[in-house]
Amino acid sequence: MGKRLSMMMVALLATLGMQAQTIKKGDAFFDGNSLYTVQEVRMGKYVYMTTPQDNEMTLEKVEGKNGEYKIIPSRQADECPIRFAEFNQRVQYVRKDGMYFLAVRKKNGDTMWTMILTPDNEDNCQEQQRRLEKANWENEICIRLLNTPYLMNIPREQLRLMRNEILARHGYVFKSKDLKDYFSSKPWYHPGTNNNNIKLSVIEQTNLELIKSEEAVEPGLHPADVAGDVDQSDF
């Protein structure tokens, strides 16, 4: 009896885990530009969402993979609505450490776009975006999930500092002299002894990947690019 009950509990927890990673009708996701609301989940597999501006996005659940989707063509959309993304690109529904968001993944697994689950309407989401743009990024980088529309308007040299500050907050030991000098001037920076021991939160890891993805955008395609070469060296 005890063994049977244990098996039933395992099955129940597995079912709840599947449900926890499933997008539902009425869910709304904000990507920094627009608020996408799920209008239909057809056959439990196809997620159809729209914005107030009539933009569309359709996701197809990947069979056998919890929380895994891919972007597919929409009814009236010939192009993928995510900047630089392609149809069939992987989308993961991340629900971890209190965070609930869609992460559009590059082929190497890095996040290139985020869409955060929100109870707010579009006006409130846009107001929050404006507040983010005015905030001091040093106060936000490790505690707030960023988005690409915000990062698009930040110069590459600042993106490099932002990315490395995430690591510096954990005592990362830098090899590049400019980064070492820059962070050594910060009263909170205390270099550690082993970079391999650094553990990032889901927010920190996702923000780091988002920033790297924006840094990797070809010259001239990053809106904040200015004339001249930009140092994009790592660490």
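S.K.: I'd like to hear about the layout of surface pockets, residue by residue, with values.
M.R.: By volume, the largest pocket amounts to about 440 Å³. Lining the largest pocket are 19 residues, with Arg-83, Phe-84, Gln-89, Lys-106 and Met-112 positioned closest to its centre. Among the elements of the structure, β8 (111-117) and α7 (202-215) are those that each provide at least two residues to the lining of the largest pocket. No other element matches the three residues that α7 contributes to the lining of the largest pocket. Looking at the lining of the largest pocket, its residues break down into eight nonpolar, three polar and eight charged. Along its surface, the second largest pocket is lined by 20 residues, and Phe-30, Ile-116, Gln-128, Arg-144 and Leu-145 are the ones closest to its centre. At the level of secondary structure, the elements contributing two or more residues to the lining of the second largest pocket comprise β8 and α2 (122-134).

S.K.: Let's hear about the packing of helix α5 (residues 156-168) against helix α6 (residues 177-184): which residues, and what values?
M.R.: For any two helices packed against each other, the geometry is given by the interaxial angle and the distance between the axes. In contact at an axis separation of 11 Å, α5 and α6 are set at 65 degrees when each is read in the N-to-C sense. For the element pair α5 and α6, the recorded crossing hand is right-handed. Facing Arg-160, Leu-161, Asn-164, Glu-165 and Ala-168 of α5, the residues of α6 in contact are Asp-178, Leu-179, Tyr-182 and Phe-183. Of the residues that constitute the contact of α5 with α6, the class distribution is five nonpolar, one polar and three charged.

S.K.: So, the packing of α5 against α7: which residues are in play, and what are the values?
M.R.: Where α5 contacts α7, the axes come no closer than 9 Å and their chain directions differ by 155 degrees. The orientation of α5 with respect to α7, classified from their angle, is roughly antiparallel. Crossing of α5 over α7 shows left-handed handedness. Across from Arg-156, Leu-159, Arg-160, Met-162, Arg-163, Ile-166 and Leu-167 in α5, the residues of α7 making contact are Glu-204, Asn-207, Leu-208, Ile-211, Lys-212, Glu-214 and Glu-215. Looking at the contact of α5 with α7, its residues break down into six nonpolar, one polar and seven charged.

Here is what the cut-offs are and how they apply
- Residues numbered from 1 in each chain as written.
- Predicted model: local features only at pLDDT ≥ 70, side-chain atom pairs only at ≥ 80, totals over all residues.
- Heavy atoms only, no water.
- 1 Å grid on protein atoms, 1.4 Å probe; cavity = no way out; pocket = protein on both sides within 12 Å on 5 of 7 lines; lining within 4 Å.
- Points joined across faces, edges and corners; volume = space filled by probe spheres on them.
- Helix = DSSP H or I, 4+ residues; strand = E, 2+ residues; numbered from the N terminus.
- Nonpolar A, V, L, I, M, F, W, Y, C, P; charged D, E, K, R; others polar.
- Axes fitted to C-alpha atoms, helices over the stretch in contact; angles between N-to-C directions.
- Left-handed = near helix turned anticlockwise from the far one by under 90°.
- Contact = heavy atoms within 4.5 Å.
- Parallel < 35°, antiparallel > 145°, perpendicular 65-115°, else oblique.

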